[in-house]
Amino acid sequence: MLGQFAFSNFKSFKKEAFLDFMAESIKDNEQSVIVDSMDGERFLPVVVMYGPNGGGKSTVLEALGYLRLFLIQTIVVSKMNEEDIGVDSVRRFASAGFKDKYHKFDPKCEKIPICFDILFRSQGVQYKYELSILHNEIIKENLYMQIVGTKDVKIVFERSEEECVLGEELEGISVDKVKKTMPLLAHIAMNYDIDATDRAVKWFLSMHIIDFNKPKKETKIILPKTKEKQEQLFKMMQEMDIPIVGFRVEKDMDGNIVDLYTKHRIDDGRTSEIPFEEESAGTRKLFGCLAEIIECLDRGTLVLADELDAKLHPKLLRYIIELFTNPGINRHGAQLLLTSHDMTTMVPDVYRRDEIWFCARNSENASKLYSLISFKKEKGQPPRNDEVYGKQYLEGRYGADPYIRRILDWEDTYEFETAKGERTEKEPAETGTENGEKA
């Protein structure tokens, strides 16, 4: 499970952005909170980000995806067969997506590292992973671990430009020849069989990224392999009032897929087929993401979904959200991090106040990220759980009005950690007024 994620000097974010999946002590929708039975820690199943176009919502997802790919791309490349796909293809994959993504609106940021700091749990162990990179070279990389339910935080490794300190979990490992461009965590995972690091890497590998900003994604069809999972997918669609009960695949002589047909149940009990391309854009989109979501629910993993609400009816979006917030369905602690512009789901019976986050740019063209529960209104009070969040948001009262440039310019509102492996107490540095201006 994802606990906390912080990053700085990444694209539109100059100062540290902090995202928290640890549930606040509020009574909103308490039944939806994921509770770790090992220590009682409470995690959010969903976090949604709202804000104007260009405000930085997608960048938050991209930052987490960037960290994931920077870590695992070497592992993936090492498993590729260069004879089958070609050396050039391997090299292109290894360098893909790793252009310098520092904050371009301040020239000084070019000489400052891009920093990531993440707290997560995997198989009964809590990890804190820190990574700082400058022009694709690693300046700092640290990994700490803590058995959930205990107070002892162990150093797995601490790496800087000057030295590398290994904890007892890594005794006897050689790290002298690890290049500055190679994450030590990836190096260990590739060359050694060590549970402490393997668990951490597997967590990053298990993350699913659903990005509907890319047009090709909406043409992608993902169907579960097993009959049981296929039945589950079509059952979900029927619960969404989409009467698709199956599909048929046409293949050519070589086994290549030529066409796909969806089977619809008619009111009189008959079944009729239509070509998949004649389905609505929203239905095609569901075929591109529902199978992945089912897999994540089964495995209890994290889903990153950008523009999930695009081309989906609000009722369908709400259905997907409730797959994660319903403990009867989400039995393994799966989590969903999404961006949205949909106002109909920004209501107390869908989201807790700590699950709603806002993202917008200030006058210096730098993005800010903050939660609804941390926002302070008149007399320093947070928004109530009976407010009409969507109306207040559109009026600019939460400081991220999508139509009027009204942004609450908070300074450093959060500190990610007070000590290794310890959760920080979050205090807003400034108090906002009801109209979203600084006090």
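All of the points below concern the structure found in this document.

To continue, consider the pattern of salt bridges. Counting across every chain of the model gives 21 salt bridges. Its salt-bridge partner being K154, residue E168 comes within 3.5 Å of it at the nearest N-O pair. With E168 in the loop between β10 (164–166) and α4 (184–191) and K154 in strand β9 (residues 154–160), the pair connects residues that are 14 residues apart, well separated along the chain. Since its relative accessible area comes to 53%, E168 is described here as exposed.

So, on to the side chain of N9. Among the structural elements, N9 can be located in the loop between β1 (2–8) and β2 (17–20). At 3.1 Å, the side chain of N9 forms a polar contact with the backbone oxygen of C109. Those residues within four positions of N9 in sequence are excluded, and the remaining contacts are K14, K101, Y102, H103, C109, I112, P113 and I114.

Another aspect to go through is the nonpolar core. The biggest cluster of nonpolar side chains holds 61 residues, and the ones touching the most others in it are F116, I118, Y129 and F204. Considering every element that reaches this core, the biggest residue donor is helix α1 (residues 57–79), with ten residues. Once you skip the residues sitting within four places of it in the chain, F204 turns out to touch L67, R68, L71, I72, I118, F120 and Y129.

Moving on to the packing of aromatic side chains. Applying the stated rule across the entire model yields 19 aromatic pairs. Judged by centre distance (5.9 Å) and plane angle (55 degrees), the rings of Y50 and Y393 are tilted. One end of the pair, Y50, is in strand β5 (residues 46–50); the other, Y393, is in helix α9 (residues 389–394), and 343 residues separate them in sequence. Note on accessibility: Y50 and Y393 belong to one class, buried. Every member of this aromatic cluster is reached through a ring pair, and the members are F5, F7, F10, F13, Y66, F70 and F116. Above the plane of the ring of Y102 lies K104, whose end atom (NZ or CZ) is 4.3 Å from the centre.

What counts, and at which threshold
Residues numbered from 1 in each chain as written. Predicted model: local features only at pLDDT ≥ 70, side-chain atom pairs only at ≥ 80, totals over all residues. Heavy atoms only, no water. Salt bridge = Lys/Arg side-chain N within 4 Å of Asp/Glu carboxyl O. Helix = DSSP H or I, 4+ residues; strand = E, 2+ residues; numbered from the N terminus. Buried < 20%, exposed > 50% of the residue type's maximum accessible area, 1.4 Å probe, protein only. Polar contact = N/O pair within 3.5 Å; in protein donor to acceptor, adjacent residues only side chain to side chain. Contact = heavy atoms within 4.5 Å. Core = buried A, V, L, I, M, F, W, Y, C linked by side-chain atoms within 4.5 Å. Phe/Tyr/Trp six-rings, centres within 6.5 Å; stacked < 30°, edge-to-face > 60°. Lys NZ or Arg CZ within 6 Å of the ring centre and 35° of its normal.

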